[in-house]
Amino acid sequence: MGRQNKFKGQRRPERSGFDEEERRLVYSEESYDQRMHHRREDFPRFRDGRIGRQKKKGQKYNFDRQLQEDLSYAKEERQEPRRDYRRGGPRHIPSGVELWNRITIKNVKATKDELLKSIIEACPVPFVPVYYHLRGEFGFFFVESSEAASAIQRLHITLPVQGKIEFGETRRMPIQNIPVDERVQIKLRQVLERRYDPLTQSLDLSNFHYDESLCHEYYIPLSRPMNMKEVMRIITENTKDLKNLDLSDNKLQNLDNVEILVDKSVEVKALNVSNNRIQSLNVFAKLKGLPLESLILDGNPIATRLKEKGNDTYRR
């Protein structure tokens with residue numbers, strides 16, 4: 001026999017402790033709106049400017065992609081809010097991402113060389129322009145120093161073809177990855193050939209992203225794995241007699257893809273990785289196959305820690 005309802009056919013009694021005024025508030029429409037307001041406040045919200053953003057007219061919005069992007073950023077250890085470099089809203093930039101100052105030139109009419117040369121000569125703060133490119137009537141390039149970016153905004157330059165150079169808003173943002181296509185590969189071979197000294201069997205790759213024949217048109221930092229992999233591949237094909245390799249001042253946090261030299265039997269005896277961001281000696285585990293006689297770590301966090309402990313093995 002199933003459970004019997006003792007109130008069957010009867011009106012369920014009211015809860016005790018409620019008078020007529022309280023019942024009116026509980027079941028009134030005004031109270032319902034108030035309850036739903038507090039209920040909504042209990043639920044977590046996305047940051048303003050992200051999922052809850054108003055979609056502009058004619059703009060397509062991919063909810064699933066944006067949701068996955070928010071979740072991926074939420075997993076990052078660094079939670080320092082930064083401006084969204086694409087849409088203008090707040091955003092968390094992952095640690096390790098390099099932020100540059102993007103300079104915008106309006107109504108571009110002069111050539112790249114004329115514009116960059118005039119800006120470099122007029123700017124009181126020295127800088128190296130990186131990755132100049134056009135998008136419609138606008139020209140863009142990047143500078144690393146915020147001081148130089150502020151100085152550029154204050155310039156008043158007039159060119160015969162361009163007229164007065166008008167600058168747009170400067171933005172702090174990462175530089176996008178540039179695909180290593182056939183054109184970039186040809187440029188890399190030319191740069192490596194110029195930087196190689198056959199007499200001393202030395203290859204100087206220091207400050208590679210600032211190479212004078214490369215940086216104005218491209219941004220190829222060796223700190224990005226795909227770029228390091230391509231450079232190492234070219235080295236193994238053209239300079240197998242390499243003995244001295246200089247990778248200093250490249251913002252390297254690891255030496256991924258440098259082990260390609262081991263796989264291709266390139267016998268590097270001297271390796272300079274000074275002024276980078278190497279935190280641990282474990283990054284050299286993959287290079288055990290190299291017959292190293294000299295290793296320079298000056299200017300790395302690991303070298304500073306070893307020096308404080310009185311260990312001089314950071315340079316041998």
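Residues numbered from 1 in each chain as written. Predicted model: local features only at pLDDT ≥ 70, side-chain atom pairs only at ≥ 80, totals over all residues. Heavy atoms only, no water.

1. Quick look at the packing of helix 6 (residues 182–195) against helix 7 (residues 225–238)
Step number 1: With their axes 10 Å apart at the nearest point, helix 6 and helix 7 run at an angle of 60 degrees to one another. Comparing the axis directions of helix 6 and helix 7 gives the class oblique. The crossing of helix 6 and helix 7 is right-handed. Taking contact as the criterion, the partners of Gln185, Leu188, Arg189 and Leu192 in helix 6 are, on helix 7, Glu230, Val231, Arg233, Ile234, Ile235 and Glu237.
Step number 2: Split into classes, the residues belonging to the contact of helix 6 with helix 7 amount to five nonpolar, one polar and four charged. (Axes fitted to C-alpha atoms, helices over the stretch in contact; angles between N-to-C directions. Helix = DSSP H or I, 4+ residues; strand = E, 2+ residues; numbered from the N terminus. Parallel < 35°, antiparallel > 145°, perpendicular 65-115°, else oblique. Left-handed = near helix turned anticlockwise from the far one by under 90°. Contact = heavy atoms within 4.5 Å. Nonpolar A, V, L, I, M, F, W, Y, C, P; charged D, E, K, R; others polar.)

2. Structural notes on the sheet that holds strand 10 (residues 196–197)
Step number 1: Strand order across the open sheet formed by five strands is 10-11-12-13-14, with mixed pairing between neighbours. Only two strands of the sheet have a single partner each, and these edge strands are strand 10 and strand 14 (294–296). (Pairing = 2+ DSSP bridges.)

3. Brief notes about helix 9 (residues 301–308)
Step number 1: Of the positions making up helix 9, those classed as buried are Ile302, Ala303 and Leu306. Viewed along the axis of helix 9, the buried residues span an arc of 100 degrees, placing them on a single side of the element. Summarising the geometry of helix 9, the exposed residues directed more than 90 degrees from the buried face are Lys307 and Glu308. (Buried < 20%, exposed > 50% of the residue type's maximum accessible area, 1.4 Å probe, protein only. Arc of directions from axis to C-beta.)

4. A closer look at the environment of isoleucine 220
Step number 1: By the secondary structure assignment, isoleucine 220 is in the loop between strand 11 (202–204) and helix 7.
Step number 2: Sequence separation between isoleucine 220 and tyrosine 131 is 89 residues, and the spatial gap between their C-alpha atoms is 9.2 Å.
Step number 3: Not counting chain neighbours up to four residues away, the residues in contact with isoleucine 220 comprise Val184, Leu188, Phe208, His209, Leu214 and Asn227.

5. Notes on the nonpolar core
Soluble, globular proteins show a tendency: their nonpolar side chains are buried together.
Step number 1: Leu205 and Phe208 are the most contacted members of the largest nonpolar core, which totals 49 residues.
Step number 2: At five residues, helix 7 tops the list of elements feeding residues into this core.
Step number 3: Setting aside residues no more than four positions away along its own chain, phenylalanine 208 makes contact with Leu188, Val191, Leu192, Arg195, Leu214, Ile220, Leu222, Val231 and Asn250. (Core = buried A, V, L, I, M, F, W, Y, C linked by side-chain atoms within 4.5 Å.)

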